[in-house]
Amino acid sequence: MSRREPTAAVPDGWPYTDEPTACAACGSDDDRYAVVDSLGLVWGGATDGGLAPTDLGDYVGTLAFRCCHDCWTREGVAALADARTLTRPDAVGAREAVALDDAKVAAAARLAADRVAVDTLHELDVRSAAEREHLRARDAAIEDALASWSRE
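The text that follows walks through the structure, step by step, so that each part is easy to find. (Residues numbered from 1 in each chain as written. Predicted model: local features only at pLDDT ≥ 70, side-chain atom pairs only at ≥ 80, totals over all residues. Heavy atoms only, no water.)

The subject of this paragraph is the overall build of the protein chain. Helices and strands together make up the secondary structure of the protein chain, namely three helices and three strands. Counted from the first residue to the last, the protein chain has its helices and strands arranged as β-β-α-α-β-α. For a compact globule of 152 residues, the expected C-alpha radius of gyration is about 15 Å, and the protein chain comes in at 15 Å, within 12% of that figure. With the principal axes as the frame, the protein chain shows a C-alpha extent of 50 × 35 × 25 Å. For the protein chain, with 152 residues in total, the buried portion stands at 39%. For the protein chain, the accessible area works out to roughly 8300 Å², and carbon and sulfur atoms hold 45% of it. Taking the average location of the 16 positive side-chain charges in the protein chain and that of its 28 negative ones, the two points are 4 Å from each other. (Helix = DSSP H or I, 4+ residues; strand = E, 2+ residues; numbered from the N terminus. Rg over C-alpha atoms; globule rule 2.2 N^0.38 Å. Buried < 20%, exposed > 50% of the residue type's maximum accessible area, 1.4 Å probe, protein only. Areas by Shrake-Rupley, 256 points an atom, 1.4 Å probe, with all protein chains shown as cover. Lys, Arg positive; Asp, Glu negative; His and termini not counted. Charge placed at Lys NZ, Arg CZ, Asp CG, Glu CD.)

The following block contains the structure:
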């Protein structure tokens, strides 16, 4: 895996690991595995023990995780192949409530945050209070959607 170095230090107390060395779903170190390094940092809130989107502070970035062949195929984690988001494809760009992709959220919920790594991390660079407010509102909407999904 060609892991990119974060440009910001991962804050103390975050549940994520430094490197994805074991299957994030079952913990095995099977030789047959896939690595996903595209999932947006905000979607860590769907993982078991992950940070809620509103707890990310002034950071944006991506997560990376390793998944063994069995979990990838039999447990449905393959739904996260190249996923940057957990929203439904038909919902991209929609301004309404966040529409989640059930298969992707279910796959992310199988992952233990302490076996998921921060792949890239950058301090939020916003130019206005309005832009920051917009991003915070989006994070809150994602958090609400994830909380609603887990209650269903």
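This part covers the pattern of salt bridges. Using the criterion set out here, one finds five salt bridges in the structure. Residue Asp58 is joined to Arg132 by a salt bridge in which the shortest nitrogen-to-oxygen separation is 2.8 Å. Taken as a pair, Asp58 in the loop between strand E1 (33-40) and strand E2 (59-68) and Arg132 in helix H3 (residues 129-151) lie far apart in primary sequence, 74 residues in all. One salt bridge in this structure joins Arg110 and Glu75, with 3.8 Å as the shortest N-O distance. (Salt bridge = Lys/Arg side-chain N within 4 Å of Asp/Glu carboxyl O.)

Right, let's get into the nonpolar core. Grouped together as the largest cluster of nonpolar side chains are 35 residues, with contacts concentrated most on Trp14, Tyr16, Trp43, Phe65, Val77, Leu80 and Leu86. Those elements that place two or more of their residues in this core are E1, E2, helix H1 (69-74), helix H2 (102-109), strand E3 (117-123) and H3. In terms of residue count, the dominant contributor to this core is E2 (four residues). Beyond its immediate sequence surroundings of up to four residues, Tyr16 is in contact with Gly44, Gly50, Leu51, Leu63, Ala113, Val116, Ala117 and Val118. (Core = buried A, V, L, I, M, F, W, Y, C linked by side-chain atoms within 4.5 Å. Contact = heavy atoms within 4.5 Å.)

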